[in-house]
Amino acid sequence: MIKLPIIDRREVAEKTNEVSFGLTGREFNFIAGQYIQLGVDNLLYPDPRGPSRLFSVVSSPDDKEKISIAFRQTDSGFKRTLLELPLNTEVVVDGPFGSFTLPAKAEQPAVFVAGGIGITPCLSMIRLAMATKRPGKLLLLYANRGPETAPYLEELKQLAGANPQLTVKNHFGPLNDDLIGFGLETAPAGAGWYIAGPLPLVVSARDSLSRAGVPPTQILTEEFTGY
């Protein structure tokens, strides 16, 4: 457990914010794809779920200046507090947690199926893979209502344009079999599949992959349930 100051906030899509916490003079080690528990000492607005939440880290472990999270705006008293606390206010960070992480073998390819804010753990892994020139190919199947609601869309396009190891396939509308089919046709043999997003998306994608014969051992999921 560590206390870190809020150092930056920015909008990364319509009604979607990124909040960053400074690491200067501090150390917080995590594996790309993991999540943290974030707590505040005093809520500015009441929240029946209390003063802490779980968030995937969207920044890369090789960024030693900060760790960042991102979330959709809601009426949550916790989120409103996080967006209104003065900069340099310290928050409590516990963790890291989770095993939604890249394959241990750097040569193994990976396919990410992400919906909306479910992009956060996937982007952490993609950022690290690009920075370290990971040899295994990566494919992102990214579903959103529209380009304006797609967090980090421009960054992902730029990363894919500059790195032949990364392919990004955007889809605007509900996840469908065509998008999963593209992944099944494009992904190299033996790819690990990573599904992150709202529960209906996760269930739909997992069922489609199971019907296509992808072994359960090659599928990892991370459900975002309206935190």
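Heads up: these notes are all about the structure in this document. Note that the structure is predicted; figures quoted are calculated from it, not measured.

To continue, consider the nonpolar core. In terms of nonpolar packing, the biggest core is built from 29 residues, with F112, I119, I126, L138, L140 and Y142 touching the most fellow members. At the level of secondary structure, the elements contributing two or more residues to this core comprise β7 (110-115), α2 (119-131), β8 (138-144), α3 (153-162) and β10 (192-198). Broken down by element, this core gets its largest block of residues, seven residues, from α2. Ignoring sequence-local partners within four residues, the contact set of Y142 consists of A114, G116, I119, A150, P151, L153, L156, K169, N170, H171 and L179. Core analysis: the second largest hydrophobic core is formed by 21 residues, I2, F55, I67 and L85 among them.

By secondary structure assignment, the location of K79 is in helix α1 (residues 77-84). Notably, K79 is buried but unbridged: the nearest opposite-charge side chain belongs to D47, and the N-O separation is 8.8 Å.

Pairing in this open sheet of five strands is parallel, and the strands run β9-β8-β7-β10-β11 from one edge to the other. Each end of this open sheet is capped by a strand with a single partner; those strands are β9 (166-172) and β11 (219-224). Strand after strand, the sheet turns through a mean of 10° between neighbouring axes, direction not considered. In terms of strand pairing, β8 meets β9 through seven bridges, oriented parallel. By the bridge assignment, A143 is partnered in β9 with H171. Packed on one face of the sheet, helix α5 (residues 199-211) meets β7, β8, β10 and β11 and runs near 150° to β10.

When we look at burial in α1, the residues that qualify are G77, F78, K79, T81 and L82. Residues of α1 that are buried sit in contact with β1 (2-13), β2 (16-22), β3 (35-39), β4 (52-56), β5 (66-72) and β6 (90-97). The N-cap of α1, judged by a side-chain oxygen 3.2 Å from the amide nitrogen of F78 a few residues on, is S76.

What follows is about the pairing of β5. In terms of burial, β5 is largely enclosed, as five of its seven residues are buried. When β2 meets β5, the two strands line up antiparallel, connected through seven bridges. Its bridge partner being in β5, S20 is matched across the sheet by S68.

Summed over the entire model, instances satisfying the criterion amount to six aromatic pairs. An angle of 35° between the planes, with centres 5.6 Å apart, marks the rings of Y35 and F97 as tilted. Placement of the pair is Y35 in strand β3 and F97 in strand β6, with a sequence separation of 62 residues. Under the relative-accessibility criterion, Y35 is labelled partly exposed at 24%. Judged by centre distance (5.4 Å) and plane angle (80°), the ring pair of F100 and Y194 falls under edge-to-face. With F100 in the loop between β6 and β7 and Y194 in strand β10, this residue pair connects regions lying 94 residues apart in the sequence. On the accessibility criterion, Y194 (4% relative accessible area) is buried. One aromatic cluster is present, formed by F55, F71 and F78 through successive ring pairs. Over the aromatic face of Y152 sits the side chain of R127, whose NZ or CZ is 5.3 Å from the ring centroid.

Turning to the sheet that holds β1, a few remarks are in order. Taken in spatial order, the six strands make up an open sheet running β4-β3-β6-β1-β2-β5, and their pairing is antiparallel. Sheet topology places β4 and β5 at the edges, where each strand pairs with a single neighbour. Averaged over neighbouring strand pairs, the angle between their axes works out to 40° when direction is ignored.

Right, let's talk about the pattern of salt bridges for a bit. On inspection of all chains with the given rule, the structure shows seven salt bridges. Note that E90 and R26 form a salt bridge whose closest N and O atoms lie 3.0 Å from each other. Residue E90 is found in strand β6, and its partner R26 is found in the loop between β2 and β3; the two are separated by 64 residues along the sequence. We note a salt bridge from K157 to E154, for which the minimum N-O separation is 3.6 Å. With K157 and E154 both in helix α3 and three residues apart, this pair spans about one turn of that helix. Judged by relative accessible area, K157 falls into the partly exposed class, the value being 43%.

Analysis parameters
Every chain is numbered independently, its residues counted from 1 as its sequence is written. Whole-chain, interface and lining totals are the exception, using all residues; otherwise, since this is a predicted model, local features are given only for residues with pLDDT of at least 70 and side-chain atom pairs are given and counted only at 80 or more. Remark: hydrogens and water are excluded; side-chain values derive from all non-hydrogen atoms of the structure. As used in this record, nonpolar core signifies buried Ala, Val, Leu, Ile, Met, Phe, Trp, Tyr and Cys residues forming a set joined through side-chain atoms within 4.5 Å. Think of it in three bands: with a 1.4 Å probe and only protein chains considered, a residue is buried below 20% of the maximum accessible area for its type, exposed above 50%, and partly exposed in between. Helix and strand assignments follow DSSP, with helices taken as H or I runs no shorter than four residues and strands as E runs no shorter than two, numbered in order from the N terminus. Whether two residues are in contact is decided by their heavy atoms: any pair within 4.5 Å suffices. When charges are counted, Lys and Arg are positive and Asp and Glu negative, with His and the chain ends excluded. By salt bridge we mean one thing: a side-chain nitrogen of Lys or Arg within 4 Å of a carboxyl oxygen of Asp or Glu. Pairing between strands is defined by DSSP: at least two bridges between the two strands are required. Orientation is described by lines fitted to C-alpha atoms, with helices fitted over the stretch in contact, and by angles between N-to-C directions that extend from 0 to 180 degrees. N or O atoms closer than or at 3.5 Å make up a polar contact, with two conditions inside protein: a donor-capable atom paired with an acceptor-capable one, and, for residues adjacent in sequence, both atoms drawn from side chains. Paired rings are identified among Phe, Tyr and Trp, the last through its six-membered ring, by centres lying within 6.5 Å, and are further divided according to the angle between planes into stacked (under 30 degrees), edge-to-face (over 60) and tilted (the rest). Charge over a ring is defined by NZ of Lys or CZ of Arg lying within 6 Å of the ring centre and within 35 degrees of the ring normal.

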